[in-house]
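Tertiary structure, described
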Amino acid sequence: MGATHLPSTEFDGTEMDDRLEAEAEAQLGAPATPMVQLLGPDGTLGTDPVFSEYADRLDAEKLRGFYADMAAIRRFDQEATALQRQGQLALWVPLTGQEAAQIGSGRASQPQDYIFPTYREHGVALTRNVDLAELLRQFRGVSNGGWNPKETNFHLYTLVLAAQTPHAVGYAMGIQRDQKLAAAAAAAAGRAEGHAGGQAPEPKAAVVVYFGDGASSEGDVHESMVFASSYNAPVVFFCQNNHWAISVPSSVQTRIPLSNRAKGYGFPGIRVDGNDVIAVHAVTEWALEHAREGNGPVLIEAFTYRVGAHTTADDPTKYRESAEESRWRAKDPLERLEKYLRAAGMADDAFFAQVKADGDELAAYVRKTTYELETPDIRTAFANTYVEAHPLVAEELAWFEEYSAGFADEADADEAATVAAATDEADTEGAR
């Protein structure tokens, strides 16, 4: 049975069905929305009927800040990769090529917003004032996290694909309910005091959750979007489509632009040039305003490219051609913004030299801090398994300690044998 011959349901043509469909069409417009781009690869700034208004809010200082952020996080990425190659990290997840998607979106958020990252959002972490050296704790294997999310509203990294998306929607629904309670309490206080107003309300907040094109195929993403749409949750789904889910191309993940999937859930979907930091910032700022004002979720697809490997355990030469990588390097997000800044007279050689010096200083700090990280006592892993003491965990700890002690005994025996051999050799030489 073809799609055009599917049987109708008892709800077709009802007032509610027609109203919801009309609202979705009015909100979304044409289903094949073109990709939003403001700053082209040649450094020329274009216009957009909706998002140029947001771009116009950016002054020279903010644009220079975008460049400095992107350059800093790329330098950090290079240093972290080197640290892993030198055995200082167990693994690293590079982000080179995706700087504009992360810095643009991260800088569009406000302090009260809450961010749920995957494991590659190092640039977003920078915009949320996370100490970048703390990102390496987990990859060095000395911590399950590395920073306190309550201090920055930037959640811990999630290594399981898409697991953070239901968490994000749940958190957004919590924000939604907290704001309703706060509004009701303020109204009640105002009535009690005999006037309309009470204390100044807390600033409205929203959630941004990041995931990749590969994770978009996970059921968690679908279920999260269903809940977000059903409850009008203030959440922005930010998909970094970097074209490769490890070795699987995005063309296998979807036959249509990922942003078009939002239409099926009844909320806006926007595809933006993920290598254009100005456009990404504008689109994300719009989406967050949309969510904060109670208009529901938004899906952003940042069309970008992972220039390097999926992780330092991956070899992309095994599954993609170098010509493809070269084409995307020509769209480099840092180079296009540099061209624009220079052409517009917003930055000179001295600025770019200072950015490089600052990057080198950051890299030196990160390397020094990584070397100084102390390995925690393994017993803390057993202690943190349950809130209260557990007999099975105590039994496992006892076995582990006995097992570890065996190595100590062997080491002591080897040392004693070495000393004895050296003594015998010395005695033999003395007898001669």
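Anything mentioned here points back to the structure above.
Note that the structure is a prediction, hence the values are computed from the model and not measured.

**Considering the overall build of the protein**
Each helix and strand counted, the protein has 17 helices and seven strands in total. Taken across its 432 residues, the protein has 44% of its residues classed as buried. Excluding contacts between residues fewer than 6 apart, the proportion of contacts in the protein whose partners are at least 24 apart in sequence is 76%. Carbon and sulfur atoms make up 54% of the accessible area of the protein, which amounts to about 22,600 Å² in all.

**Some points on a nonpolar patch on the surface**
There is a patch of nonpolar side chains on the surface, built from Trp-399, Tyr-403 and Phe-407 and spanning about 380 Å² of accessible area. Looking at where Phe-407 falls in the secondary structure, it is placed in helix 17 (residues 391-431). Assessed through its relative accessible area of 46%, Phe-407 is described here as partly exposed.

**Focus on unusual backbone geometry**
Unusually for a residue other than glycine, Asn-153 sits at a positive phi of about 55°. In this structure, Asn-153 sits in the loop between helix 7 (149-152) and helix 8 (164-192). Even without glycine at this site, His-243 takes up a positive phi of about 80°. For His-243, the position within the fold is in the loop between strand 3 (235-241) and strand 4 (244-245).

**With respect to the packing of aromatic side chains**
Going through the model one piece at a time under the given rule, you end up with 24 aromatic pairs. Between Phe-76 and Trp-92, the aromatic rings sit 5.6 Å apart at their centres with planes inclined by 85°, giving edge-to-face as the arrangement. A residue pair is termed long-range when its members are at least 10 positions apart, and Phe-76 in helix 3 (residues 60-85) and Trp-92 in the loop between helix 3 and helix 4 (99-108) qualify at 16 residues. Judged by its relative accessible area of 1%, Phe-76 is buried.

**Comments concerning the packing of helix 4 against helix 12 (residues 277-292)**
Orientation of helix 4 relative to helix 12, taken along the N-to-C sense of each, is 40°, at an axis distance of 8 Å. Relative to helix 12, the element helix 4 lies oblique. Note on packing geometry: the crossing formed by helix 4 with helix 12 is right-handed. Where helix 4 approaches helix 12, its residues Ala-100, Ala-101, Ile-103, Gly-104, Ser-105, Arg-107 and Ala-108 are matched on the opposing element by Val-277, Val-280, His-281, Thr-284, Glu-285, Leu-288 and Arg-292. When its residues are assigned to classes, the contact of helix 4 with helix 12 shows seven nonpolar, four polar and three charged.

**Topic: the pattern of salt bridges**
Scanning the model with the defined rule gives 22 salt bridges in all. For Arg-74, the salt bridge goes to Asp-332, with nearest N and O atoms at 2.7 Å. Note that Arg-74 is positioned in helix 3 and Asp-332 in the loop between helix 13 (322-329) and helix 14 (333-343), a separation of 258 residues in sequence. As far as burial versus exposure is concerned, Arg-74 and Asp-332 are alike and both buried.

**Focus: helix 6 (residues 132-140)**
By the burial criterion, the buried members of helix 6 are Leu-132, Ala-133, Leu-135, Leu-136, Gln-138 and Phe-139. Where the residues of helix 6 are buried, they touch helix 3, helix 5 (122-127) and helix 15 (349-372). Where helix 6 begins, the capping side chain belongs to Asp-131, and its oxygen is found 3.1 Å from the backbone nitrogen of Ala-133. Positive phi appears at Gly-141, one or two residues downstream of helix 6, with a value of about 85°.

So, how was this worked out
- Residues numbered from 1 in each chain as written.
- Predicted model: local features only at pLDDT ≥ 70, side-chain atom pairs only at ≥ 80, totals over all residues.
- Heavy atoms only, no water.
- Helix = DSSP H or I, 4+ residues; strand = E, 2+ residues; numbered from the N terminus.
- Buried < 20%, exposed > 50% of the residue type's maximum accessible area, 1.4 Å probe, protein only.
- Contact = heavy atoms within 4.5 Å.
- Areas by Shrake-Rupley, 256 points an atom, 1.4 Å probe, with all protein chains shown as cover.
- Patch = residues over 30% accessible without salt bridge, like charges linked within 9 Å, V, L, I, M, F, W, Y side chains within 5 Å.
- Salt bridge = Lys/Arg side-chain N within 4 Å of Asp/Glu carboxyl O.
- Phe/Tyr/Trp six-rings, centres within 6.5 Å; stacked < 30°, edge-to-face > 60°.
- Axes fitted to C-alpha atoms, helices over the stretch in contact; angles between N-to-C directions.
- Parallel < 35°, antiparallel > 145°, perpendicular 65-115°, else oblique.
- Left-handed = near helix turned anticlockwise from the far one by under 90°.
- Nonpolar A, V, L, I, M, F, W, Y, C, P; charged D, E, K, R; others polar.
- Polar contact = N/O pair within 3.5 Å; in protein donor to acceptor, adjacent residues only side chain to side chain.

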